[in-house]
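# Secondary and tertiary structure notes
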Amino acid sequence: MGMEPLIVFAFGKRKVEKLAEEMGTLELTVHTERESITQIYENAIQTLSDDDQVLPQVEKMLPLLQRGIAVHHSGLLPLLKELVEILFQEGLVKLLFATETFAMGLNMPAKTVIFAELSKFDGAAFRYLSSGEYIQMSGRAGRRGLDARGTVVTMVDGSTDLAKVREMLRGEADSLSSRFHLSYNMLLNCVRTETANIENLIAKSFYTFQLQQAKPDLERRQRELSAQLASPDLAVDARLLEVHALRAQERSLRKQLRPLLTDPKDTKAVHFLQPGRLVRFAREGGAGEEGEAREWGWGAIVSYKRLRPDKKEGKRGGDDLGTADQYHIDVLLRCDAGAEAAVEAGGGAGAPRGEGR
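Residues numbered from 1 in each chain as written. Predicted model: local features only at pLDDT ≥ 70, side-chain atom pairs only at ≥ 80, totals over all residues. Heavy atoms only, no water.

### Brief notes about the sheet that holds strand E7 (residues 151–154)
- Taken in spatial order, the 5 strands make up an open sheet running E2-E3-E1-E4-E7, and their pairing is parallel. Every other strand in the sheet has two partners, leaving strand E2 (69–72) and E7 as the edge strands with one partner each. Strand-to-strand twist in this sheet, taken as the mean axis angle between neighbours without regard to direction, amounts to 20°.
- Where strand E1 (residues 6–9) and strand E4 (residues 112–115) come together, 4 bridges link them in parallel fashion. Considered in E4, the bridge of Phe 9 is made with Phe 115.
- Here helix H5 (residues 78–89) sits on the sheet in contact with E1, E2 and strand E3 (95–98), set at roughly 135° to E2. (Pairing = 2+ DSSP bridges. Helix = DSSP H or I, 4+ residues; strand = E, 2+ residues; numbered from the N terminus. Axes fitted to C-alpha atoms, helices over the stretch in contact; angles between N-to-C directions. Contact = heavy atoms within 4.5 Å.)

Here is the structure:
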């Protein structure tokens, strides 16, 4: 053929095995190669138990290997996968049908790579290969020092989305990011080993290399941000003024809403006094020392009851509430240490009724 060794990538164990069976009676080896394959195979399976030696995948493997054809996927026994990898490296396997796992971490280049399909099931839906996946697998084409160039063949049909294929071919490889993490176990292992040097280990790590490569860009970005801080953009100032105006409008609306909710003649707030509801205690600023703005934070309503004020006292005291209902509310508030003593000593002036309950 002149294009072997070949790797045919398919996605799925059944697909890989089906393609290998469709090769029919194709012979890619000579007599001496078949003898070597048989000897290596028989020596390898001797390490298996008697039950494993009669497994279908073990018995079907030898006829394929003798013709120079093999399959490689995660469903094979570890021994069979290692056997296929050894025979492929020795040049005894000419045509290998494999899943994408064969392209991950194994240094086994071929002269030709064939993609039987370009879409795969990722656990949720069928999708086309990403550029990084395609580059990883197609990069197996071409053996260093043996081939002037590698050949990649992609199988397409009428249902193939050429736009997505073009995007896949023109994309870039996935970027590599170091996951180096200096853990306590690593430090203890370095301490236990006399020849280990922690500083040298960190200096020679891929993580440090990436940081050194990114340092010029980070410094340039720092200078750009410093320049922006030195001369603020007018558009940014305009947005800040707009946010400030909106916040002021919000405070004004809240101030207008509060009297409506707490109006004793139209007690709309009573419907919201269920036990367990969170309420915030605050007072807007006013005239005099007693009228300064204060904030007591959030509390939880425990209970409430309606009080009927004395009509005569209301009239004598000039109470503008008249005969409207009043309510006593018990609320749990988070108080500072010593607050209870201060309230009992008369230092709780200005606090909301029930504070500290």
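Still more to cover.
### Re unusual backbone geometry
- A cis amide bond, omega 0°, links Glu 4 with the succeeding residue Pro 5.
- Mapped onto the fold, Pro 5 is located in the segment before E1.

### What about the sheet that holds strand E8 (residues 278–283)?
- Spatial ordering of the open sheet is given by E8-E9-E10, a layout of 3 strands whose pairing is antiparallel. Of all the strands in the sheet, the pair left with one neighbour each is E8 and strand E10 (326–333). Neighbour-to-neighbour, the strand axes of the sheet open up by a mean angle of 55°, direction not taken into account.
- Bridge analysis of strand E9 (residues 294–307) against E10 gives 8 bridges, and the strand direction is antiparallel. Paired with Lys 305 across the strands is His 328, a residue of E10.

From the geometry alone we can't say anything about function, so treat these as descriptive.
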